[in-house]
Amino acid sequence: EDEITLFERDMKEFWIQFKISYSAEQINQTSALRDLCKETIEALSEKWSKKLKEEDSMIDKIQECNSEILHQSKYVAEKEEQLTEIKSKLKEEEEQQKNLTDSIQELKEELMKKMEIKSSKNEAAKEKVERVSKIKTLFKERLGLEMRRIHDEQLQFIFRHIDHKDPDKPYMFTLSINEQGDYEVTSCTPPLDCIAELQLKLRETNNFSAFVANIRKAFTALLYK
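So, how was this worked out
- Residues numbered from 1 in each chain as written.
- Predicted model: local features only at pLDDT ≥ 70, side-chain atom pairs only at ≥ 80, totals over all residues.
- Heavy atoms only, no water.
- UniProt positions renumbered as here; feature names shortened; annotations may be inferred.
- Core = buried A, V, L, I, M, F, W, Y, C linked by side-chain atoms within 4.5 Å.
- Buried < 20%, exposed > 50% of the residue type's maximum accessible area, 1.4 Å probe, protein only.
- Helix = DSSP H or I, 4+ residues; strand = E, 2+ residues; numbered from the N terminus.
- Contact = heavy atoms within 4.5 Å.
- Phe/Tyr/Trp six-rings, centres within 6.5 Å; stacked < 30°, edge-to-face > 60°.

- With an unreviewed UniProt entry as reference, the chain is termed Kinetochore protein SPC25, source organism Lanius ludovicianus.
- Per UniProt, the chain has the following entry under Sequence similarities (unreviewed entry): "Belongs to the SPC25 family."
- Its UniProt record gives the chain the following Subunit (unreviewed entry) comment, quoted word for word: "Component of the NDC80 complex, which is composed of ndc80, cdca1, spbc24 and spbc25. The NDC80 complex interacts with mis12 and zwint."

In structure tokens, the structure reads:
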């Protein structure tokens, strides 16, 4: 009985010591695990905190980049609009330049035509004056006609020997060549009612000799009115 009691007491003490020993070990392990977890959590927290800060910084940079890209996009859009306006103005100026060049060319061509016409008219007028001058002597000898060159390139025709009572009495008319290159009587003394008709016939036929002869006849006819 004492041995049993002793055994039971020893067993009880053993379990007490075992529990105490196991509990202390467990506490130590739990404490160590807790410290490890704490250190791990702190390390992870620091790591993720740093990572979050980096990501925040990256987000800020991305936002800045986006803002800069938006600004640059607006700037490019404005410049493209300005470039479009400049191109449009350049196109308008090119069209105006072309129109101006075409107008200048047309004016040149028109001027050349006018110069050719003027030259042709001047040549025709010169030929007419020369033709009149050539028959000057003939008219003077046969019709008692004297021709004089007066101001503004006009020719004055003076008939004599028409009035038998006064052979030296002058009957005259003045002839010029107008801008159209046609003969034009600018004065007639004494005046003749038929002068316009004779002038028109001269322009139609270009028969100068007949024109002068008909005027002499008209002056002679005045003596019998």
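The structure having been displayed, the exposition proceeds.
### Section: the nonpolar core
Then comes step 1: Among the nonpolar cores identified, the biggest contains 22 residues, and Phe159, Phe173, Phe211 and Ile215 are the most heavily contacted of them.
Then comes step 2: When residues of this core are traced back to their parent elements, those giving at least two are strand E1 (145-150), strand E2 (154-159), strand E3 (171-177), strand E4 (183-189), helix H3 (195-205) and helix H4 (208-222).
Then comes step 3: The biggest single contributor to this core is H4, with six residues.
Then comes step 4: Residue contacts for Phe173: discarding those within four places in its chain leaves Leu155, Gln156, Phe157, Phe159, Val185, Ser187, Cys188, Phe211 and Ile215.

### Comments concerning the packing of aromatic side chains
Two measures describe an aromatic ring pair: the distance that separates the ring centres and the angle between the ring planes.
Then comes step 1: One pass over the full model with this rule turns up nine aromatic pairs.
Then comes step 2: Note on Phe208 and Phe211: the rings are 6.1 Å apart at their centroids and 45° apart in plane angle, and the pair reads as tilted. Of this pair, Phe208 and Phe211 both sit in helix H4, three residues apart, which is roughly one turn of the helix.
Then comes step 3: Residue classification places Phe208 among the buried positions, given a relative accessible area of 4%.
Then comes step 4: Classification of Phe211 as buried rests on a relative accessible area of 3%.
Then comes step 5: Among the aromatic residues, those joined into a ring-pair cluster are Phe157, Phe159, Tyr171, Phe173, Tyr183, Phe208, Phe211 and Phe219.

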